Amino acid sequence: MSTRTAVISPAPTANGDLHLGHLAGPFLAADVFTRYQRATGRDTVFGTGAQDTSTFVVTTARRLGTTPAELVADSMARIESTLDAMGIAVDAFTRDEERFTKAVLTFVSRLQDEGKLVLKPTLFPYSPSTGQYLVDGFVKGGCPNCLAEGCAGLCESCGHPLAAGDLVDPRSTEHPEEALELREVPVLVLPLEEYRERLRAYFAESGAAQRPHMAQAVEEMLARPLPDYPITYPISWGIPAPFAETPGQSVNPNAETMAWSIYTTVLSAEARGEVVSADDELWWPESGTQAVYFCGFDNTFPFAIAGASMLLALHDRYALPARFVTNEFYELEHSKFSTSRGHLVWGRELADRLPRDLGRYHLAATSPENQRTNFSWSAVPAVTGARLVEPWNRIAAKSARWAGQTLPVSAASREAADRITERFAASYELDTFSLGRAAETLADQLARLDRWEVTDATAGDFAHQAETVLRNAAPILIDLAERAGVGTRLAPGDTTTEITVRALPPLDGGAV
């Protein structure tokens with residue numbers, strides 16, 4: 001029986017602030033789930049960070065005319081500020097620090113010491129003009145699996161790995177007109193095919209592929225031989241690889257996944273006062289920790305396939321992740337958010353233009369859980385106004401007439417309160433987690449209370465159910481719940497027989 005849940009949102013690249021795609025997908029979901037877990041008395045830690053070793057840091061810095069170090073420092077500060085502005089309360093935020101570098105080197109060295117890595121000649125595009133091998137953000141082309149255009153590393157469309165040497169018509173992202181060469185370079189790889197059958201059993205037994213698109217991608221990947229996964233890259237950017245066989249190479253940033261996951265779990269637990277004696281002990285099977293990822297669909301391969309294979313390679317030293325709660329892309333005016341094209345809305349812009357609860361509710365209501373959804377400023381008043389602000393403010397105005405009075409609560413209202421709690425729980429519990437359904441449940445309950453013709457005889461029941469709805473909505477409406485003082489503790493079996501009616505605070509509709 002697990003005693004702790006480690007909630008993890010994979011660290012975004014430190015090449016800019018968080019946009020609404022980041023927030024509407026993994027970050028808000030992880031925060032809401034963590035708040036719900038704690039409201040039901042479950043030990044939960046939540047960590048994320050920002051990744052500075054990605055090649056996209058280099059390409060973005062060059063495009064902006066700054067240095068990678070300056071870009072990383074600015075991005076990390078912005079990301080932390082945006083998380084705070086949106087009320088996403090992480091326990092630990094990892095960054096470029098010596099302890100993390102040591103964790104990565106210890107992890108990959110353990111793979112090598114166990115004889116799990118193989119030195120293998122591997123094809124990479126080569127730039128004659130710069131004398132550099134091109135990987136990930138340095139090179140783009142077609143995906144050999146689905147033919148979609150993208151950068152090397154991972155295909156954002158189908159989720160499959162996208163080795164730089166396998167790109168269709170590879171082109172340098174910085175010098176697209178240059179004719180590239182394909183050259184073989186010995187790199188250390190993890191032969192994923194050795195773990196395919198164990199991965200199949202893992203997903204079949206655990207149900208870790210929770211949502212349909214990820215389940216489809218996992219099934220596709222495991223239905224064919226898995227590729228060798230490069231642990232080192234023939235580039236200088238990133239964490240220098242510690243292996244004599246690969247001088248001058250760096251650790252593949254996408255091979256940091258499990259070392260980072262373990263590290264962020266430890267930092268999160270320490271931030272909550274736990275004493276950890278070994279930097280990886282919270283991922284030992286006997287620790288009772290279950291890791292739950294809230295991530296974009298495109299993180300399926302590095303975390304669920306390659307990452308799980310790394311754990312399997314280490315002789316069951318570590319527990320495998322319990323769940324992956326994935327999301328699709330969030331679009332702006334029906335086109336994918338893009339930092340490079342400037343087609344985005346930053347999280348801070350939403351926080352500046354809307355009260356925090358309204359922003360959180362709108363993102364929950366339009367969350368891209370199973371398919372792409374769209375953000376439009378013009379839709380915000382309709383979603384937040386008609387479904388949240390207007391009915392809530394009418395409910396608060398009704399309740400004000402009896403504020404301060406202690407009134408009886410009927411058995412029927414206690415039964416209704418239990419049903420309300422059950423409906424919200426159906427959206428918050430891990431197996432059926434859905435921000436969209438939680439937002440729908442809230443809107444349905446507010447509409448019901450808004451229609452209620454309250455009398456002196458039913459005022460106690462009305463106030464009781466209004467508080468119950470708000471208490472259950474507290475993981476989303478964090479500020480309103482705090483202002484109302486309703487608490488956040490959620491438990492089955494309502495025993496309320498009387499209630500002192502609160503003066504419920506109104507919601508500000510904001511200036512969109």
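Note: the structure precedes this text.
All figures in this text were calculated on a predicted structure; none of them were measured in a lab. (Residues numbered from 1 in each chain as written. Predicted model: local features only at pLDDT ≥ 70, side-chain atom pairs only at ≥ 80, totals over all residues. Heavy atoms only, no water.)

J.: Please provide a residue-by-residue account of the sheet that holds strand β7 (residues 149–151), values included.
T.: The antiparallel open sheet is built from three strands, whose spatial order is β7-β6-β10. Two strands bound the open sheet, and with one partner strand each, they are β7 and β10 (168–172). Within this sheet the neighbouring strands show an average axis-to-axis angle of 25°, counted without direction. (Pairing = 2+ DSSP bridges. Helix = DSSP H or I, 4+ residues; strand = E, 2+ residues; numbered from the N terminus. Axes fitted to C-alpha atoms, helices over the stretch in contact; angles between N-to-C directions.)

J.: Got a sec to walk through empty space enclosed by the protein? Specific residues and values, please.
T.: On inspection of all chains with the given rule, the structure shows one cavity of 30 Å³ or more. There is about 60 Å³ of room inside the largest cavity. Considering the residues around the largest cavity, the lining is formed by 13 residues, among which Gly 25, Ala 29, Arg 211, Val 325 and Asn 327 are closest to the centre. Elements with a minimum of two residues in the lining of the largest cavity: α1 (20–39) and β16 (323–327). A per-element tally of the lining of the largest cavity places α1 first, with four residues. When grouped by side-chain class, the residues that make up the lining of the largest cavity number seven nonpolar, four polar and two charged. (1 Å grid on protein atoms, 1.4 Å probe; cavity = no way out; pocket = protein on both sides within 12 Å on 5 of 7 lines; lining within 4 Å. Points joined across faces, edges and corners; volume = space filled by probe spheres on them. Nonpolar A, V, L, I, M, F, W, Y, C, P; charged D, E, K, R; others polar.)

J.: Describe helix α7 (residues 257–271), naming the residues involved and giving the relevant values.
T.: The first and last C-alpha atoms of α7 sit 21 Å apart over 15 residues, in line with the 21 Å expected at 1.5 Å per residue. Most of α7 is tucked away, with 13 of its 15 residues classed as buried. Immediately downstream of α7, the backbone of Gly 273 shows phi near 95°, a positive value. (Expected span 1.5 Å × (residues − 1). Buried < 20%, exposed > 50% of the residue type's maximum accessible area, 1.4 Å probe, protein only.)

J.: Give me the lowdown on the layout of surface pockets, citing residues and values where you can.
T.: Empty space within the second largest pocket amounts to approximately 670 Å³. Every residue lining the second largest pocket is counted, 34 residues in all, and those nearest its centre are Pro 161, Ala 163, Asp 166, Pro 227 and Asp 228. Within the residue set of the lining of the second largest pocket, elements represented by two or more residues are β4 (118–127), β8 (153–154), β9 (161–162), β11 (181–191) and β12 (228–230). Considering each element in turn, the lining of the second largest pocket owes the most residues, five residues, to β4. Looking at the lining of the second largest pocket, its residues break down into 21 nonpolar, seven polar and six charged.

J.: Can you tell me about the packing of aromatic side chains, naming the residues and giving the values?
T.: With the rule as written, the count across this model stands at 16 aromatic pairs. Ring geometry for Phe 100 and Tyr 263: centres 5.5 Å apart, planes at 45°, overall tilted. You can see Phe 100 sitting in helix α4 (residues 98–113) and its partner Tyr 263 sitting in helix α7, a full 163 residues away along the chain. Judged by its relative accessible area of 7%, Phe 100 is buried. A ring pair is formed by Phe 107 and Tyr 318, whose centres lie 6.1 Å apart and whose planes are at 25°; its orientation type is stacked. Of the two residues, Phe 107 is situated in helix α4 and Tyr 318 in the loop between α8 (300–313) and β16; the sequence distance between them amounts to 211 residues. For the pair Phe 107 and Tyr 318, a shared accessibility class is recorded, and that class is buried. In this structure an aromatic cluster arises from ring pairing among Phe 33, Phe 294 and Phe 433. (Phe/Tyr/Trp six-rings, centres within 6.5 Å; stacked < 30°, edge-to-face > 60°.)

J.: Can you tell me about the side chain of His 343, naming the residues and giving the values?
T.: By secondary structure assignment, the location of His 343 is in the loop between β18 (335–336) and α9 (347–353). Within polar-contact distance, the side chain of His 343 engages the backbone oxygen of Leu 332 at 2.6 Å. In terms of polar contacts, His 343 uses its side chain to reach the backbone carbonyl oxygen of Ser 335, at 3.3 Å. Contact partners of His 343, with chain neighbours within four places excluded, come to Leu 332, Ser 335, Lys 336, Phe 337 and Ser 338. (Polar contact = N/O pair within 3.5 Å; in protein donor to acceptor, adjacent residues only side chain to side chain. Contact = heavy atoms within 4.5 Å.)

J.: Explain the pattern of salt bridges residue by residue, including any values.
T.: Tallied over the full model, the rule gives 31 salt bridges. Of the charged contacts, one joins Arg 42 and Glu 429 as a salt bridge, the two residues approaching to 2.9 Å between their closest N and O atoms. You can see Arg 42 sitting in the loop between α1 and β2 (44–49) and its partner Glu 429 sitting in the loop between α12 (411–428) and α13 (435–451), a full 387 residues away along the chain. Linking Arg 110 and Asp 280 is a salt bridge whose minimum nitrogen-to-oxygen distance equals 3.7 Å. Of this pair, Arg 110 sits in helix α4 while Asp 280 is found in the loop between α7 and β15 (289–296), placing the two residues 170 residues apart along the sequence. (Salt bridge = Lys/Arg side-chain N within 4 Å of Asp/Glu carboxyl O.)

J.: Give me the lowdown on the sheet that holds strand β17 (residues 330–332), citing residues and values where you can.
T.: Spatially, the three strands line up as an open sheet ordered β18-β17-β19, and their pairing is mixed. The open sheet has two edge strands, β18 and β19 (373–375), and neither has a second partner. Looking at chain direction, β17 and β18 are connected through two bridges and run antiparallel. Counterpart to Leu 332 in the pairing with β18 is Ser 335.

J.: Can you lay out helix α6 (residues 212–222) for me, pointing to particular residues and giving the numbers?
T.: For α6, every residue scored as buried is listed here: Met 214, Ala 217, Val 218, Met 221 and Leu 222. Projected down its long axis, α6 carries its buried residues within an arc of 120°, all on one side. Seen from the open side of α6, the exposed residues pointing more than 90 degrees away from its buried face are Pro 212 and Glu 219. Among the structural elements, α5 (196–206), α8 and β16 are those in contact with the buried residues of α6. (Arc of directions from axis to C-beta.)

J.: Now, about the pairing of β16: what can you tell me, with residues and values included?
T.: Remark: a regular strand shows side chains that alternate across the two faces of the sheet. Burial runs high along β16: five of the five residues are buried. A two-sided burial pattern is seen for β16, the buried positions comprising Arg 323, Val 325 and Asn 327 on one face and Phe 324 and Thr 326 on the other. When β15 meets β16, the two strands line up parallel, connected through five bridges. Looking at β16, one finds that Cys 295 is bridged to Thr 326. Handedness of the β15-α8-β16 crossover: right-handed. (Right-handed = clockwise from strand over helix to strand, strands pointing away.)

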